[in-house]
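In case you want the letters, here they are:
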Amino acid sequence: MKYRVEIIKIGELVEELLGEKILILFNADAPEDLAEISVLHTGYDLVEDVKSGDKVKIGDMEYTVTGVGSEANKTLRELGHCTLKFNGLSKTELPGDISLKGQIPNIKKGDIISIY
């Protein structure tokens, strides 16, 4: 297990972003303007860098990592922040993105997000 957190709050605008196949993660101490667009979670140390081929599990849904931006591991480690994009791209659009292959999740408070 490289990373494991629990969702503790879902921002007001998260559903809208999920419609665009985007899910933004942040530690619980995210600034207010970022909290409204983010899923806030319990903090956890990133044990090992995320890389293509890894698995991400959100609640009961599992995804395959297809691409990791150049800054994604750094921001995940420091801030619990990354942008998950359900687009299956091997080359990410932005440095903080982690691209995943799979359907958009139905998320709820208490769901576990794990990377392995």
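Read on for a plain summary of the structure.

Points about helix α3 (residues 72-79)
Okay, step 1: When we look at burial in α3, the residues that qualify are Ala 72, Asn 73, Thr 75 and Leu 76.
Okay, step 2: Close packing links the buried residues of α3 with β1 (3-10), β5 (61-68), β6 (82-85), β7 (97-101) and β8 (112-115).
Okay, step 3: In the segment just after α3, Gly 80 is the residue with positive phi, at about 65°.

Details of the pattern of salt bridges
Okay, step 1: Applying the stated criterion to the full structure yields eight salt bridges.
Okay, step 2: Of the charged contacts in the structure, one is a salt bridge between Lys 74 and Glu 78, with a shortest N-O distance of 3.7 Å. Of this pair, Lys 74 and Glu 78 are both found in helix α3, four residues apart, which corresponds to roughly one turn of the helix.
Okay, step 3: Take Lys 74: its relative accessible area is 44%, and that puts it in the partly exposed class.
Okay, step 4: Residue classification places Glu 78 among the exposed positions, given a relative accessible area of 51%.
Okay, step 5: When the shortest N-O distance is used, the salt bridge between Asp 111 and Lys 108 registers 2.9 Å.
Okay, step 6: In the salt-bridge network here, residues are joined through shared partners; they are Lys 2, Glu 48, Lys 51 and Asp 54.

Notes on the side chain of Ser 38
Okay, step 1: Along the chain, Ser 38 falls in strand β3 (residues 38-41).
Okay, step 2: At 2.7 Å, the side chain of Ser 38 forms a polar contact with the backbone oxygen of Leu 34.
Okay, step 3: Leave out the neighbours within four places in its chain, and Ser 38 touches Lys 9, Ile 10, Gly 11, Val 14, Ile 24 and Phe 26.

Basis of the calculations
Residues numbered from 1 in each chain as written. Predicted model: local features only at pLDDT ≥ 70, side-chain atom pairs only at ≥ 80, totals over all residues. Heavy atoms only, no water. Buried < 20%, exposed > 50% of the residue type's maximum accessible area, 1.4 Å probe, protein only. Helix = DSSP H or I, 4+ residues; strand = E, 2+ residues; numbered from the N terminus. Contact = heavy atoms within 4.5 Å. Salt bridge = Lys/Arg side-chain N within 4 Å of Asp/Glu carboxyl O. Polar contact = N/O pair within 3.5 Å; in protein donor to acceptor, adjacent residues only side chain to side chain.

That is the geometry; function is a separate question.
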